[in-house]
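Listed here are the chains, written in short residue letters.
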Amino acid sequence: MFNDIGALELLTLVVLAVLVFGPEKLPKVIQDVTRTIRKIREFSDSAKEDIRSELGPQFKDFEFEDLNPKTYIRKQLASGDDELGLKEIRESFDLRKEMAEVTDAVNGRESAPSASAGTAAAAASGAAAGAPDLLKKPAQPAKNERPPFDADAT
């Protein structure tokens, strides 16, 4: 509940509590607060047990945390069964393989065999169909010839 409270904030709360309640009343206030929190937790636990007993035996594994939409979605996405094809969708967003193939093509290296034969066949046919050779060095201009001028580059 208070996972993001640092040491400085905690020290500030303690000093503030001592100033507001005084050193004499502070232990009594702390006892009252802890007793109230304990009663609230007991009430909450008993209410959860009552609900579970009323739902019946088919809901014995029911967790109230599953009612939180974030928890429910995270649990459904992490589950092993893939009825909706979510694994394929997740893998389609992974661009590392495609980026590695492009990097290999730019650097002139032979790309590693990919998982799908279709992309390897398409890459081979693209190379054979007259794709430009990126490693080919441009021809050197003659000594009297001026290099081309690009107005946008200056």
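Residues numbered from 1 in each chain as written. Predicted model: local features only at pLDDT ≥ 70, side-chain atom pairs only at ≥ 80, totals over all residues. Heavy atoms only, no water.

Next up on the list: the overall build of the protein. Each helix and strand in the protein was counted, giving five helices and zero strands. Overall, the protein shows an N-to-C arrangement of helices and strands of α-α-α-α-α. Of the contacts made within the protein by residues no fewer than 6 positions apart, 17% connect residues no fewer than 24 positions apart. Here the protein displays about 14,300 Å² of accessible surface, and carbon together with sulfur accounts for 62% of that area. (Helix = DSSP H or I, 4+ residues; strand = E, 2+ residues; numbered from the N terminus. Contact = heavy atoms within 4.5 Å. Areas by Shrake-Rupley, 256 points an atom, 1.4 Å probe, with all protein chains shown as cover.)

Attention now moves to the layout of surface pockets. Over the atoms rolls a probe the size of a water molecule, and in doing so it shows where empty space is left. Of the pockets and cavities examined, the second largest pocket occupies roughly 200 Å³. Taken together, the residues that form the lining of the second largest pocket break down as nine nonpolar, one polar and no charged. (1 Å grid on protein atoms, 1.4 Å probe; cavity = no way out; pocket = protein on both sides within 12 Å on 5 of 7 lines; lining within 4 Å. Points joined across faces, edges and corners; volume = space filled by probe spheres on them. Nonpolar A, V, L, I, M, F, W, Y, C, P; charged D, E, K, R; others polar.)

On to a nonpolar patch on the surface. A cluster of nonpolar side chains, Ile 5, Leu 8, Leu 10, Leu 11, Leu 13, Val 14, Val 15, Leu 16, Val 18, Leu 19, Val 20 and Phe 21, forms an exposed patch at the surface whose accessible area comes to about 1,100 Å². With respect to the element layout, Val 20 can be found in helix α1 (residues 7-55). (Patch = residues over 30% accessible without salt bridge, like charges linked within 9 Å, V, L, I, M, F, W, Y side chains within 5 Å. Salt bridge = Lys/Arg side-chain N within 4 Å of Asp/Glu carboxyl O.)

With that settled, the discussion passes to the pattern of salt bridges. Tallied over the full model, the rule gives three salt bridges. Where Asp 32 meets Lys 28, a salt bridge forms, and the shortest distance between an N and an O atom there is 3.2 Å. Here Asp 32 and its partner Lys 28 are both found in helix α1, four residues apart, which amounts to about one turn of the helix. The network of salt bridges with common partners includes Lys 28, Asp 32 and Arg 35.

A few words now on helix α4 (residues 96-107). Taking 1.5 Å as the rise per residue, α4 with twelve residues should run 16 Å; its terminal C-alpha atoms sit 16 Å apart, in good agreement. A positive backbone phi angle near 80 degrees is found at Gly 108, which sits one or two residues after α4. (Expected span 1.5 Å × (residues − 1).)

The next thing to look at is the confidence of the model for the protein. Detailed reading of predicted coordinates is not advised where the pLDDT is low. Counting all residues, the mean pLDDT for the protein is 76, and 72% of those residues have values of 70 or more. Here helix α5 (residues 117-128) stands out as the element of the protein with the lowest mean pLDDT, 47, in contrast to α1, whose mean of 91 is the highest. Counting contacts from residues 114-128, a segment whose pLDDT is below 50, to residues more than four positions away or on other chains yields seven contacts. (pLDDT = per-residue confidence, 0-100.)

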